Structure formats: structure tokens, C-alpha cells
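Summary of structural features
The residues making up each chain are set out below.
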Amino acid sequence: MPKRLPRRLFTRLSRLTVVPLVLAATLSGCGSGAQDASPSGTSSDPSAGGGATTLTVFAAASLTGTFTELGKTFEAANPGTTVRFNFGSSATLAQQIVQGAPADVFAAASPATMKTVTDASLAAAPTTFARNTLQIAVPADNPAKVDDLADLANPKIKVALCAAQVPCGAAAVKALDAAGLKVTPVTLEQDVKATLTKVELGEVDAALVYRTDVIASGGKVKGIDFPEAGKAINDYPVATLTKAPAPDLARKFVDLVLSPRGRDVLTKAGFDAP
Amino acid sequence: MIRSRRRPHRSQGRPPWLLLLPATLGIAFLVLPLAGLLVRAPWPTMAERLAEPQVLQALRLSLVTATLATLACLLLGVPLAWLLARVTFPGRRLLRALITVPLVLPPVVGGVALLLVLGRRGLIGQWLDETLGVTLPFTTAGVVVAEAFVAMPFLVISVEGALRAADTRLEEAAATLGASRMTVFRRVTLPLVAPGVLAGAVLCWARALGEFGATITFAGNFPGQTQTMPLAVYLALETEPEAAVVLSLVLLAVSVAILASLRDRWTGTA
């Protein structure tokens, strides 16, 4: 008998643990969307919010590399300040701002998502600071020998596109329409990074992503330019927010993004000047 | 023994506030977000949004894949739970810990892991593609695989718990009467733990139905093929938050209705 007691206890415990597991599952089932879309909002300094002045920047996921670098430059130029970033899908960020998230600066990957915020009178006079162009991304060894946009219409070639609801998908539709091509993708991904992953892993033969993403992949995928990309250029607007907790820093940061130094960082990452 | 001593307390007096208060907070915490969805739902346009063919398509795909995933989990998970509960072998503890990996892993990472194994260039997927011409990513079968991967631990843990709580003396008695181990499993063990299996299957089904991350990563997102309701909800959120609310409510209503009706049928109580 005494031997069985621990076992019973274990059973009880294991029964108890089932309940939190269910909760966790339900929560993650419903909530994972936003999480999955935003490749980790990283803050550059964990001690943020102490006595130091903090600037909070909401920026599109495709700006992760460039804005992190500009954030470091900003902190060096303004000793004592800390820049916190929230990177994610522009649409999600816009929703968060409209719902009252305390942000100082918003940099979006499309004018449409910025409009959500300006329509709510939460940002004034956005400025276009960069442009992004589509490229065909193929695995480094290009197994299907894709070399132009027309190849994507070949039913034997597996193609991944972004869903039309997100900026890179809208741009892809525009480019394909401009070329008069009908492409049936195997998947419509939720953001450009997910689309790129499918190419990196060789699950698809080709995809339409931004040139900046091809450069950021560091040689794991090959980018191919195509003329119709010129018809589907994506503008990136930036604005200070009217309810910014740190309006002075916000203005300074936007100035940095628009400065030659900012342009430099963006160009190196593959963005075009507006 | 512990049980029989405690039982009389169950109906005595009112429940202590020390338990009642957190329980009430717990209910509010779980139910309020649902209330939020109900309040924000665009009721006037609800009917026309529901009539969109893509909604029904995604809903049907969700129900079919979640059910197939649950069947697959039952087929593999019940024997696995039995192995963990009834057979002593080295490394059993480690194995039990490994089985919970899909619970801890962020689903998107689970999806990537599946791609690395079953993808077109994956360890096994490469071989499947070359010898059988089968590729799982971007197919409905791929959705079932992703859902089963994420949902199986729920089934295994509940069934194992039930097996451990079940009275092994009945199994021993059957064995002394000459029943083989398989017969004991079929005729004694399984009926004994049926409620645990059922509970596990329900959990498993619910988890599979809500699966997002592993599905979109491993199986992709294409209407009619791999776009389940959670995927449709997520993409609707990008442009039309209202449509996302409608889709979420549909998924909730259907799953609650199915679970409630199953409960009625199987246990005879509401």
C-alpha cells in the first residue's frame, strides 16, 4: 500500500497538469497568429524604462536589420536614451497603435497600413523614406532552372507567393498582372519571411520576395531581377505619432532615418531611395 | 483510502472564498475574451459573410483534417500511452519527456522541424519523394500531419494518466485466467480507460482544430487545399479585422456545438 501512494499522487499531479496544458493550447491556438507574424520584438537594452529616456519604435518586420543598426547609432548620438523596437507585420502594428499601444514612431511597409493610423488621427504627415522592389528568389542551386518571371507560370514549377492581404502579396499580384501571367502558387504565405523560408528549405522552386530579403538571407537564396518589378514598387512611410510619450526623441529618430546616414544603411540592405 | 475519507466533505457547507475567488477570476479570464469577440462582431453583415464560399471551404477542411488527425493520434497514441504506463524499459522517463516536446516547442518551430524531416529535401521526405513520388508539404495530408504532431501529446498524456489510475488487478486477474497480453489490452484495459481515451481524443481534436503555426509552416496556405479556419482568420486579420472576428466565432460555435453534442451522446448527460 505505501508503495502505491506516490504513484497515486503522480496520477493526481498529472491530471492537474492537464488543465493548464489545455489552457495553454487554447490560448496559443487563438493567439499564436500575432506571435508568429512578428519575428520577436527585440529591445536593445533590457534596462529600458528605468530612469533613462526611452524611445519606442514600431517598425515593419522587413526593417529589422536596418532599424536595429540605426537604433544603435541613435543611442550613441544621444547618450542616456534607449531605443526599444517592436518589429512585426505592418498591419498588426497599425492595429496595436490604433488600440492604444504607447509608441513614438511608426515605420510601415505600405502606405495602406500607415493610412490606418493616420485615419485614426494618431499620426500626421508620413514621409516615404525607402522603397522595396520584388525579386524572384530561387534556392542557391536553382534546381528548376528558373530564370525569368514567365517560368513561374509553368505548372511543373512550385511557386510560393505572399497572400494578397499582406504588402508583398499585393505587390506580387501587381507584378504578375503587369506581365499578363497567371501563376498558381502552391501556397500563399502569411509574410515575406515565411515565403523566403520555403525557398531556403528548397520546398518550392521559386518565390516572389523583396530584394532586401534576398540580401538578408546571406546567399542561401539567389535573387533574379525582372522588369515588371518596376510596376510593383513598395513605398515605406515613417511618421511620428501624435500621442508619442517622447515626441522630441521621435522627431530626432525620424530625422536620422531620413538623413544621409540613414539612407546609407537602407541602401546597403537593398532598399531604394524614394 | 484518501478518497473515502475526503468524500463526506464534498457536500458540506458553502465553498470557501479562498477557492471561490480565484475560481471566479479564472472564469472571467477565460470567458471575457470570448465576450470581447461577441461584442465586436459585425452582427448586421454576419449572414452575408458566412455565405462566402471560402468560409465554408475552410470550415470543412478544418473539421475533416482535425478529425483525421485525431484518428491518427488514437491509432498511434493509445499504444504509446500503454507502452509508457505498462512496460518497464530503460529510458522510459526520457521518452516521456520527449513526448511533451511538441507542447513546449513554438508551433512554427514544430512546422520547420517537420519540413526538415518530411519536406521535399528532408531526411525522410527526400526518400518519399524519390521512391514513392509523395511530397507532404502543401497538401491536405500535410495539414493532418502538422495537426497530429502538435495534438498527439494531449492524447498520450491523458490516456497514460488514465492507465496509471486504472486498477491493474483486473488485468492481472484476466492474465491468470489465461488471456494473452493483447486480449487483456483489448477486452480489459481499453474498456477500463475508455473515458480517459475519450477525454484525450476531445483535447486532441480541439487542439488540432485550432492549430495555426505548424500548419502554415509545414503545409502552407492555399484555399481548399491547406487553408484551415485559423489560417483564414489570421489572414483576414491583416485586412479586415471584422471578418476575422466572424470566422473566429464560426469556428468557436461549431467546435462547442460538436463537443457538447458528443458529450450528450456518450455520457448521457448535458
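This structure is a prediction, so every number in the text was calculated from the model and none was measured.

Definitions and cut-offs
Residues numbered from 1 in each chain as written. Chains lettered and ligands numbered in written order. Predicted model: local features only at pLDDT ≥ 70, side-chain atom pairs only at ≥ 80, totals over all residues. Heavy atoms only, no water. Patch = residues over 30% accessible without salt bridge, like charges linked within 9 Å, V, L, I, M, F, W, Y side chains within 5 Å. Areas by Shrake-Rupley, 256 points an atom, 1.4 Å probe, with all protein chains shown as cover. Salt bridge = Lys/Arg side-chain N within 4 Å of Asp/Glu carboxyl O. Helix = DSSP H or I, 4+ residues; strand = E, 2+ residues; numbered from the N terminus. Buried < 20%, exposed > 50% of the residue type's maximum accessible area, 1.4 Å probe, protein only. UniProt positions renumbered as here; feature names shortened; annotations may be inferred. Contact = heavy atoms within 4.5 Å. Polar contact = N/O pair within 3.5 Å; in protein donor to acceptor, adjacent residues only side chain to side chain. Phe/Tyr/Trp six-rings, centres within 6.5 Å; stacked < 30°, edge-to-face > 60°.

Before going further, it helps to examine a nonpolar patch on the surface. Residues and elements named next belong to chain B. On the surface, Ile27, Phe29, Leu30, Val31, Leu34, Leu38, Trp43 and Leu252 cluster together to form a nonpolar patch covering roughly 760 Å² of accessible area. Element by element, the count of residues in the nonpolar patch is highest for helix H2 (residues 17-40), at 6 residues. Position of Leu34 relative to the elements: it lies in helix H2.

This part takes up the pattern of salt bridges. Under the defined criterion, the tally for this structure stands at 15 salt bridges over all chains. Close ionic contact of Asp205 of chain A with Arg120 of chain B constitutes a salt bridge, the shortest N to O distance being 2.7 Å. One end of the pair, Asp205 of chain A, is in the loop between helix H6 (192-200) and strand S8 (206-210); the other, Arg120 of chain B, is in the loop between helix H7 (107-118) and helix H8 (125-132), on a second chain. Asp205 of chain A sits in the buried class, given a relative accessible area of 5%. Glu242 of chain B is the salt-bridge partner of Arg49 of chain B, the closest N and O atoms lying 3.5 Å from each other. Note that Arg49 of chain B is positioned in helix H3 (residues 46-50) and Glu242 of chain B in helix H15 (residues 241-267), a separation of 193 residues in sequence. Taken together, the salt bridges that share partners define one network made up of Arg49, Glu240 and Glu242 of chain B.

Moving on to the UniProt feature "binding site: molybdate" (unreviewed entry) in chain A. Residues and elements named next belong to chain A. Sites flagged by UniProt as "binding site: molybdate" (unreviewed entry) map to Ser62, Ser90, Val192 and Tyr210. Those residues within four positions of Val192 in sequence are excluded, and the remaining contacts are Cys162, Cys168, Val209, Tyr210 and Asp213. Summarising the element assignment, Tyr210 is placed in strand S8. When neighbours within four sequence positions are excluded, Tyr210 is seen to be in contact with Asn132, Thr133, Leu134, Pro167, Cys168, Val192, Asn234 and Tyr236. Among the polar contacts listed, one links the side chain of Tyr210 to the backbone nitrogen of Cys168, at a separation of 3.3 Å.

Once that is clear, we can look at the UniProt feature "transmembrane region" (unreviewed entry) in chain B. All names here are of chain B. Using the residue numbers shown here, the UniProt feature "transmembrane region" (unreviewed entry) corresponds to residues 63-85, 97-118, 138-159, 188-208 and 243-262. What you have in residues 188-208 is 95% helix and 0% strand, and the ends, taken at the C-alpha atoms, are 29 Å apart. Taken as a whole, residues 243-262 contains 100% helix and 0% strand, while its terminal C-alpha atoms sit 29 Å from one another.

This brings us to the packing of aromatic side chains. Residues and elements named next belong to chain A. Within the structure shown, the criterion is met by 10 aromatic pairs over all chains. Centroid distance Phe74 to Phe253: 5.5 Å. Interplanar angle 75°. Geometry classified as edge-to-face. Here Phe74, found in helix H2 (residues 64-77), pairs with Phe253, found in helix H8 (residues 247-258); they are 179 residues apart in sequence, far enough to count as distant. You can call Phe253 buried: its relative accessible area is 0%. Pairing Phe129 with Tyr236 gives two aromatic rings, centres 6.2 Å apart and planes at 85°, and the pair type is edge-to-face. Remark: Tyr236 occurs in strand S10 (residues 234-240) and Phe129 occurs in strand S4 (residues 127-132); sequence separation between them is 107 residues. Of the residues examined, Phe129 reaches a relative accessible area of 0% and is grouped as buried.

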